[in-house]
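# Fold and contact review
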Amino acid sequence: MATRSRVTIREIQDERDPAFRAAYRLLRREFADAEMSPLRDWTNALRESRQGLWTDVAWHLLVAMRGSTVLAAASGSYLGNVHVGVIGYVAVRPDARSLGLGPRIRRALRRRFERDAERIDGSSLDAIVGEVKTKNPWLRTLVRREGAIALDFEYVQPALGHHLKPVPLTFYYEPLDRPRQSLDAAYLRRLLYTLWRRAY
């Protein structure tokens, strides 16, 4: 009996990589139009990275692949001025959800953020933040297993296009420097300002 090839996780470095558009298609199937960043934004981020443009924002797109098939994808950005990693999207194909690829690709993204913090700031990563639907079971897992704080305020993802509306979501903060039960309001304002100005 033939054995299936193992799943590998790698980072997309070039928009001409066939896995780039395959990853975007996978995420488009899992997220509503109002939640998806335009493909051109991702293309521009990859081009700027290849050209060596200096910035304290580092964007990543990871794929989990078996052979030439994209089974999962995750994107996110490191924001240097607040020392946090922002999870943009994580999606796994329905026929691959028993493989544990969601947590695995998210851990790989966290390792990229940790390297970004060391490379850009010479510091450690303070936290991982993200936005999820309130009823998403993944949020409960993050709170229970990773010590994340699901922040109790009315939060919306900014509109990602002129014809789109903001999306109500839950904002979470996963501290890595020390356990926390709450966040200082002034720090939260600075964090959200940075997120909305630099990650969107």
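Residues numbered from 1 in each chain as written. Predicted model: local features only at pLDDT ≥ 70, side-chain atom pairs only at ≥ 80, totals over all residues. Heavy atoms only, no water.

From N to C terminus, the protein includes five helices and eight strands. The order of helices and strands in the protein, counted from the N terminus, is β-α-α-β-β-β-α-β-α-β-β-β-α. The C-alpha radius of gyration computed for the protein amounts to 17 Å, which stays within 12% of the reference 16 Å derived for 200 residues, consistent with globular compactness. Principal-axis analysis of the C-alpha atoms places the extent of the protein at approximately 55 × 40 × 40 Å. Burial status across the protein gives 48% buried among its 200 residues. (Helix = DSSP H or I, 4+ residues; strand = E, 2+ residues; numbered from the N terminus. Rg over C-alpha atoms; globule rule 2.2 N^0.38 Å. Buried < 20%, exposed > 50% of the residue type's maximum accessible area, 1.4 Å probe, protein only.)

As a packed pair, helix 1 (residues 18-30) and helix 2 (residues 39-50) sit with axes 11 Å apart at the nearest point and diverge in direction by 145°. Of the two possible hands of crossing, helix 1 and helix 2 adopt the one that is right-handed. Mapping the contact onto sequence places Phe20, Arg21, Tyr24 and Leu27 in helix 1 and Leu39, Trp42, Thr43 and Leu46 in helix 2. The residue inventory of the contact of helix 1 with helix 2, partitioned by class, reads six nonpolar, one polar and one charged. (Axes fitted to C-alpha atoms, helices over the stretch in contact; angles between N-to-C directions. Left-handed = near helix turned anticlockwise from the far one by under 90°. Contact = heavy atoms within 4.5 Å. Nonpolar A, V, L, I, M, F, W, Y, C, P; charged D, E, K, R; others polar.)

For the rest of this paragraph, the subject is the nonpolar core. One recurring pattern in soluble globular proteins is that nonpolar side chains are buried together. Counting residues in hydrophobic clusters, the biggest one holds 44 residues, and the most contacted among them are Leu27, Trp42, Val63, Val84, Phe171, Tyr173 and Leu191. With seven residues, helix 1 is the single largest residue contributor to this core. Residues in contact with Leu191, not counting those within four places in the same chain, are Val82, Val84, Val129, Phe171 and Tyr173. Counting residues in each nonpolar core, the second largest holds 25 residues, with Ala108, Leu109, Leu142 and Tyr172 among its members. (Core = buried A, V, L, I, M, F, W, Y, C linked by side-chain atoms within 4.5 Å.)

Considering the arrangement of structural elements, one finds Trp59 in strand 2 (residues 57-66). The sequence separation of Trp59 and Pro168 amounts to 109 residues, and the corresponding C-alpha distance is 24 Å.

For any pair of aromatic rings, the description rests on two quantities: the centre-to-centre distance and the angle between the ring planes. Tallied over the entire structure, the rule returns eight aromatic pairs. Ring geometry for Phe31 and Tyr89: centres 5.0 Å apart, planes at 75°, overall edge-to-face. Taken together, the positions of Phe31 in the loop between helix 1 and helix 2 and Tyr89 in strand 4 (residues 84-92) put the pair 58 residues apart, joining distant regions of the chain. Taking NZ or CZ as reference, Arg180 lies 5.9 Å from the ring centre of Tyr187, over its face. (Phe/Tyr/Trp six-rings, centres within 6.5 Å; stacked < 30°, edge-to-face > 60°. Lys NZ or Arg CZ within 6 Å of the ring centre and 35° of its normal.)

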